[in-house]
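Listed below are the residues making up each chain.
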Amino acid sequence: MTAGQSWFVLTLVGVCIGLNAAIVSIVSEWLSDIKMGYCSDGWWLNQQFCCWEIEGEEVDGCDSWRTWSHITLARWIIFVIFAMVFSFISSHLVRSFAKYAAGSGISEIKCILAGFVMQGYLGFATFFIKSITLPLVIASGLSVGKEGPSVHVACCIGSLVAGLFDNFRRSQSKMREIITAASAAGVAVAFGSPIGGVLFSIEEMSHTFSIKTMWRSVFCALVATFTLAAMNPFRTGKLVLFQVTYDRDWHFFEIIFFVILGIFGGLYGAFVIKFNLQVAAFRRKHLANHGVAEAVTLATLTAVIGYFNRFLRIDMTSSMAILFKECEGGGNVFNLCQTPAQWRISNSLLLATIIRIGLVVITYGCKVPAGIFVPSMAIGATFGRMVGIIVKAMYRSYPQSGIFKFCAPDVPCITPGTYAFLGAAAALSGVMRITVTVVVIMFEITGALTYILPTMIVLLVTKAVGDFLGTNGIADQMIRFNGFPFLEKEDHVYNVTVSTVMRKDLTTLLETGMRVKDVESHLSSTNFKGFPIVSSDGSLTLVGYIDRSEIRYVLGALPMFLVPCGPYSFLWVERARKNRGRLANTPCLFTARYQEPDDIDLAPEVHEDDEPEEYFAPTTAGEGINFWPWVNKTPMTVSPELPLEIVMQIFKRMGPRAILVEEHGVLSGLVTVKDVLKFIATEKPDHRPSWDDRGGLEGLLEEVWTWGSDNVSRILLWSRRILRR
């Protein structure tokens, strides 16, 4: 039963994640369409279901679908009002009931899986509010996506369901396995990609990914995807709205344009990450208390601007569904495949790309559930479709050119939809800095095995550009921006001992000899999360470690207090308010008291008429408040001469909050993740400078100019030597 309980919990988690994803998708579609009109056959039907008999994406001619007005100005005003209302409701709910429901959640989940404790981040309030507000945010038109928050919601479901069972509630390692599997299922239902979800957990979320965890993630993602397929929210038999199939091959001359898409993805990721961090700093400084007003303003701005661009007006997933399609398969929507309108469409796509980039920069990180997966894919899709239209126009203008000689005369040579697909992959990889996961996700979305190689080429170019610019993924950058203690997989320090990094000036507690006022003074004067306990003889012999929360729990037990009545039993006694001043001098014991067997009274007699003060006023030197049951008697310790690389591996794999440094039982110091990060950032000799350290764009141009001038000089010198010979 114990062995089968894990699989039962994973099944339950997967089913709940699939149901939640289906409901969120259905509600999001309906709320997005209600801004434009309503269905006369049933108010609960969105535009797609209301006009089910109409082929294609344009359903303006459906008699059952009624727009709010036939006047363009009135439709625009109603569209903006709906966006304002949806954004206000969602931001107000987040601010009032669950502040952790804001944002994407991927950065925080990564820290939680690495051992960082965030109370309530995976609680029921966060799950409930984020599930309610996520459809509202998507429908408001803000340039955010639901795929990132879907991971957070899935992890909340995994934590809540696993918390119902004692085996998982009492074991942090087992709970992390469930949360890791839930994150894989969240990506799986968001993209309809179960294998891609598992790879996302391996590549992005978890430091340590054992074979057992991988199989559990595969099973949970499979159950969640199966549940979503059974719900069939789009009534198309497909798991995502923009799922397509390509049946034509690509040509080798298109690699040139694939490289252009890869360069765009790398530049897009670097641009968005750099300027979004600046917006986040401005938001933290000036807009921290104005989250609702900011969200409403951004939604209004997006609706006012986006209404007049057909690719910004509709939902981003619907936009990608249109841009991914082949012209010969019913994809002539918005005149995308009409030759006379190709330059007008290209201008519209370019404008949509530029505007959406600006909106993503200022919107991602506002106080609503906000992901960056789908907005990035939508930006890459509009840019890629524009490139595809240009390449197709080149082929039509110069069909006899040597570059197009491999095109068959009776088969369309260029498929613009594939360029949109590759552009979406490039933008997603550029902003998240993941590669293999994106390849698998895009393969599972399209089912086109022939486009695996172009996708890999595009993503390798994107990664090369990102590495050249020295940028990390936006999730990692937000971790650093928020100050979360998190070590990356690539963080390594060699030939350095722990003694070089550890803190030596520590605030410690004595095992005996301290009083309540002394402990409270330590708590009020410091913000440490825990305190080492040393011997009271001055030798600094390590006795244990106690968390700050445990001390607060014992001292804050008003009006009750725990008084030792022997070595094996405790008695809760009502504390009298008049004795509050006397408690300040009560001794605090952080070590066990040993008595002779003859002196132990296993059942002390307590009378109801006894005054409470006799239990609090110590009569002998050994009595007082006993903290020993809450003391960690065997804290994690290392030697000062241990290589720092081993300590970093302990932090990555086990996730302790702090590691004590002792030498022959004597406390020498303490090291935390923040100490290691500070050392890496300031004193690591081989630490690669960041984009800002290298001077930004000006520094890049100077590097390129220096590199080019040096190489040109070498080439000229080499040519002169050859000519002389």
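Reading the values: rules and limits
- Residues numbered from 1 in each chain as written.
- Predicted model: local features only at pLDDT ≥ 70, side-chain atom pairs only at ≥ 80, totals over all residues.
- Heavy atoms only, no water.
- Salt bridge = Lys/Arg side-chain N within 4 Å of Asp/Glu carboxyl O.
- Helix = DSSP H or I, 4+ residues; strand = E, 2+ residues; numbered from the N terminus.
- Buried < 20%, exposed > 50% of the residue type's maximum accessible area, 1.4 Å probe, protein only.
- Pairing = 2+ DSSP bridges.
- Phe/Tyr/Trp six-rings, centres within 6.5 Å; stacked < 30°, edge-to-face > 60°.
- Lys NZ or Arg CZ within 6 Å of the ring centre and 35° of its normal.
- Contact = heavy atoms within 4.5 Å.

Trainee: Now, about the pattern of salt bridges: what can you tell me, with residues and values included?
Mentor: A full pass over the atoms with the stated rule returns nine salt bridges. One salt bridge in this structure joins Asp166 and Arg169, with 1.9 Å as the shortest N-O distance. On the criterion of helical spacing, the pair formed by Asp166 and Arg169 is a turn pair, its members being three residues apart in helix H7 (residues 166–169). Asp166 gets classed as partly exposed once you look at its relative accessible area, which sits at 38%. One salt bridge connects Arg283 with Glu294, and the closest N-O pair in it is separated by 2.5 Å. With Arg283 in helix H11 (residues 255–286) and Glu294 in helix H12 (residues 291–306), the pair connects residues that are 11 residues apart, well separated along the chain.

Trainee: How would you sum up the sheet that holds strand S9 (residues 587–589)? Please name residues and give values.
Mentor: A sheet is described by the order of its strands in space; here three strands give the open sequence S4-S9-S10, paired in mixed fashion. Here the strands that pair on one side only, and so sit at the sheet edges, are strand S4 (514–515) and strand S10 (625–626).

Trainee: Break down the packing of aromatic side chains for me, citing the residues and quoting the values.
Mentor: One pass over the structure, following the stated rule, counts 24 aromatic pairs. For the pair Phe324 and Phe421, a centre-to-centre distance of 6.4 Å together with 85° between the ring planes defines the contact as edge-to-face. Pair noted here: Phe324 is in the loop between helix H14 (316–323) and helix H15 (342–363) and Phe421 is in helix H17 (residues 416–432), with a separation of 97 residues, a long-range link. Considered together, Phe324 and Phe421 belong to a single accessibility category, that of buried residues. Positioned above the aromatic ring of Tyr307, the side-chain terminus of Arg313 is 5.4 Å from the ring centre. Residue placement shows Lys633 over the ring face of Trp628; its charged tip is 5.0 Å from the ring centre.

Trainee: Describe the environment of Ile255, and please don't skip the residues or the numbers.
Mentor: Within the element layout of this structure, Ile255 appears in helix H11. Put simply, Ile255 and Pro454 are 199 residues apart on the chain and 7.3 Å apart in space, counted from C-alpha to C-alpha. Residues contacting Ile255, with those up to four places away along its chain left out, are Trp250 and Ile457.

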